Amino acid sequence: MKPARTLTFKCAKCAKPVTVYLQKVSACSHIQPYQGICGCGEIKRHATGNPDAVKSFVESSDGNWHHHH
């Protein structure tokens, strides 16, 4: 089953809908990372997969996150 290419969430800052897009940063099956930017400028991160990998991605703030084995 392939992950969805886009997902929509409510922005934590302004409560408007923000669309996040599937990122190409990880070729492994442990995580499918998503990222998008709301109209208010707030970056929204989301991921599905391995809980530890998801947590490290969502908590990263520099945009240079990479999953390592």
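In the block above lies the structure referred to throughout.
Rules behind the numbers
- Residues numbered from 1 in each chain as written.
- Predicted model: local features only at pLDDT ≥ 70, side-chain atom pairs only at ≥ 80, totals over all residues.
- Heavy atoms only, no water.
- Salt bridge = Lys/Arg side-chain N within 4 Å of Asp/Glu carboxyl O.
- Helix = DSSP H or I, 4+ residues; strand = E, 2+ residues; numbered from the N terminus.
- Buried < 20%, exposed > 50% of the residue type's maximum accessible area, 1.4 Å probe, protein only.
- Polar contact = N/O pair within 3.5 Å; in protein donor to acceptor, adjacent residues only side chain to side chain.

**Student:** Describe the pattern of salt bridges, and please don't skip the residues or the numbers.
**Tutor:** Applying the stated criterion across every chain, the model contains two salt bridges. With a shortest N-O distance of 3.5 Å, K13 and E42 are connected by a salt bridge. Of this pair, K13 sits in the loop between β1 (6-10) and β2 (17-22) while E42 is found in the loop between β3 (31-37) and β4 (43-49), placing the two residues 29 residues apart along the sequence. Residue class for E42 comes out partly exposed when judged on its relative accessible area of 28%. The partner of E59 in a salt bridge is K55, with the nearest N and O atoms 3.1 Å apart. Of this pair, E59 and K55 both sit in helix α1 (residues 51-59), four residues apart, roughly one helical turn.

**Student:** Pulling in residues and values, what's your account of the side chain of R45?
**Tutor:** Topologically, R45 is positioned in strand β4. For R45, a relative accessible area of 10% gives the class buried. There is a polar contact of 2.4 Å between the side chain of R45 and the side chain of Q35. At a separation of 2.8 Å, a polar atom in the side chain of R45 contacts the main-chain carbonyl oxygen of S60.

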